[in-house]
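# Summary of the model geometry
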Amino acid sequence: MKRLAHLSERGVITVEGDDRVAFLQGLVSNDVAAAKPGQAVWAALLSPQGKWLADFFVFAVDGSLKLDCERAQIPMLIQRLARYRLRMRVALAEDVQSQVYVAWGGQPGVAGAVAPDPRLPDFAWRILSAADLQTNASPVDWDRHRLNAGLPDGSRDMETDRSVLLEAGFDELAGVSWTKGCYMGQELTARTKYRGLVKRRLVPVAIDGPLPPPGTPVLRDGVEVGTMRSSLDQSGLAILRLDSLGHPLHCGAARLIPQIPAWMHLPEAASARV
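So, a few notes on the structure that sits alongside this text.

Conventions and cut-offs
- Residues numbered from 1 in each chain as written.
- Predicted model: local features only at pLDDT ≥ 70, side-chain atom pairs only at ≥ 80, totals over all residues.
- Heavy atoms only, no water.
- Helix = DSSP H or I, 4+ residues; strand = E, 2+ residues; numbered from the N terminus.
- Buried < 20%, exposed > 50% of the residue type's maximum accessible area, 1.4 Å probe, protein only.
- Contact = heavy atoms within 4.5 Å.
- Polar contact = N/O pair within 3.5 Å; in protein donor to acceptor, adjacent residues only side chain to side chain.
- Pairing = 2+ DSSP bridges.
- Axes fitted to C-alpha atoms, helices over the stretch in contact; angles between N-to-C directions.
- Core = buried A, V, L, I, M, F, W, Y, C linked by side-chain atoms within 4.5 Å.
- Arc of directions from axis to C-beta.

## Some details on the environment of I239
Its location among the elements puts I239 in strand β13 (residues 235-241). For I239, a relative accessible area of 6% gives the class buried. Expressed as a C-alpha distance, the spacing of I239 and R229, which sit ten residues apart in the sequence, is 7.1 Å. Residues contacting I239, with those up to four places away along its chain left out, are E159, E167, R200, R201, L202, V225, G226, T227 and R229.

This is the structure we're talking about:
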């Protein structure tokens, strides 16, 4: 069944000007030049130290770039991005007309800018539309679909100035370009990959017991090995040390059972323990 939900907690930033692609290309983790009508790009903005600040979907629409992002992060994103504008021909502004929708279960035939969610094949479609589209699903339904696939949802699952992209699956989920050249925070991202420095991962978990609030410590034999992030029903995501996989894990009054999805690539030693 085709589903369509309005994501009211997301908003849109417009990036206009002749230098819009070159401007973002030097700042975000993915290849902005790959965004075109019908094809969105998932990318992140990092601190100079390579830690996560925000992530968004980049659309190419009518001679501009549109960023589908968390609404609460719009002021921060515009302020941070504007710092690097210098003499580039770029203008940044919130697009108060566009609304963010998401569809799954089949390609939607709706008005607006529509592109497949680039993280997984046939997983969902992202939509930017100025029209009030007729929906048949809620953000909770979308959250359930997302968690079943094990995909992160911005600040609900990532930690500002702490999370590293490869911990949250940005490599497997097409959120990083390894060929486009330099961008802010690239050095740590590349070093993490090529030196095998990932020690934690954001892992889907089944929850046996009451849902732990986000930020609740995850314990292995009484020792903290991670924290709970977003959750719904009896599923969630937790940031876990790889050496804790395959061992009994507890979080609040619940037991957590890691559920490694097919798209997630773990080091051989960690895979053997799951």
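Now that the structure is up, let's keep going.
## Comments concerning the side chain of Q25
Looking at the element boundaries, Q25 is found in helix α1 (residues 20-25). We classify Q25 as buried; its relative accessible area is 17%. Ignoring sequence-local partners within four residues, the contact set of Q25 consists of N30, D31, V32, A33, K180, C182 and Y183.

## Some points on the side chain of R146
Looking at the element boundaries, R146 is found in helix α3 (residues 139-149). Side-chain polar atoms of R146 contact the side chain of D157, separated by 3.1 Å. For R146, the side chain forms a polar contact with the side chain of S230, separated by 3.1 Å. If we skip the residues at most four places from it in the chain, R146 touches F123, L151, P152, D153, R156, D157, S230 and L237.

## Comments concerning the sheet that holds strand β8 (residues 113-116)
Taking strand neighbours across the sheet as the criterion, the four strands line up as β1-β7-β9-β8 in an open arrangement whose pairing is antiparallel. Edge positions in the open sheet fall to β1 (3-6) and β8, since each of these has one partner strand only. Taking each pair of neighbouring strands and ignoring which way they run, the sheet shows an average axis angle of 20°. For β8 and strand β9 (residues 125-129), the ladder comprises four bridges, and the chain directions are antiparallel. Paired with A113 across the bridge in β9 is L128. Along the sheet, α3 makes contact with β1, β7 (99-104) and β9, crossing β7 at roughly 55°.

## Some remarks on the nonpolar core
F59, L165, F170, V218, L240 and L256 are the most contacted members of the largest nonpolar core, which has 53 residues in total. Contacts of V218, omitting those with residues within four sequence positions, involve V223, E224, V225, G226, T227, M228, A238, L240, L249, H250, C251 and L256. I13, V15, L67 and L92 belong to the second largest nonpolar core, which has 24 residues in total.

## Some remarks on helix α2 (residues 74-82)
A turn of α-helix holds 3.6 residues, and therefore any two residues three or four places apart point the same way. Every buried residue of α2 is accounted for by I74, L77 and L81. Viewed along the axis of α2, the buried residues span an arc of 65°, placing them on a single side of the element. Pointing more than 90 degrees away from the buried face of α2 are the exposed residues P75 and Q79. On its buried side, α2 packs onto β2 (10-16), α1, β3 (41-46), β4 (52-61), β5 (64-70) and β6 (91-94).

## Section: the pairing of strand β10 (residues 200-208)
The buried fraction of β10 amounts to seven of the nine residues, a majority that puts the element mostly inside the structure. In this sheet, strand β15 (residues 254-258) lies alongside β10 in antiparallel orientation, the contact comprising four bridges. The residue of β15 that forms the bridge with V205 is P258.

## Re the environment of L249
Secondary-structure assignment places L249 in strand β14 (residues 249-251). In sequence terms L249 and E224 are 25 residues apart; their C-alpha atoms lie 9.6 Å from each other. Ignoring sequence-local partners within four residues, the contact set of L249 consists of V218, L219, R220, V225, L240, S244, A254, R255, L256 and P258.

## A few points about the sheet that holds β5
With antiparallel pairing, five strands are arranged side by side in an open sheet as β3-β4-β5-β2-β6. In this open sheet, the two edge strands, each paired with only one partner strand, are β3 and β6. Going from strand to strand, the sheet's axes swing by 30° on average, the running direction of each strand aside. In terms of strand pairing, β2 meets β6 through four bridges, oriented antiparallel. Within β6, the position partnered with V15 by the bridge is L92. With respect to the sheet, α2 is in contact with β2, β3, β4, β5 and β6, its orientation differing from that of β6 by roughly 175°.

Such coordinate-based values are descriptive only and should not be taken to indicate function.
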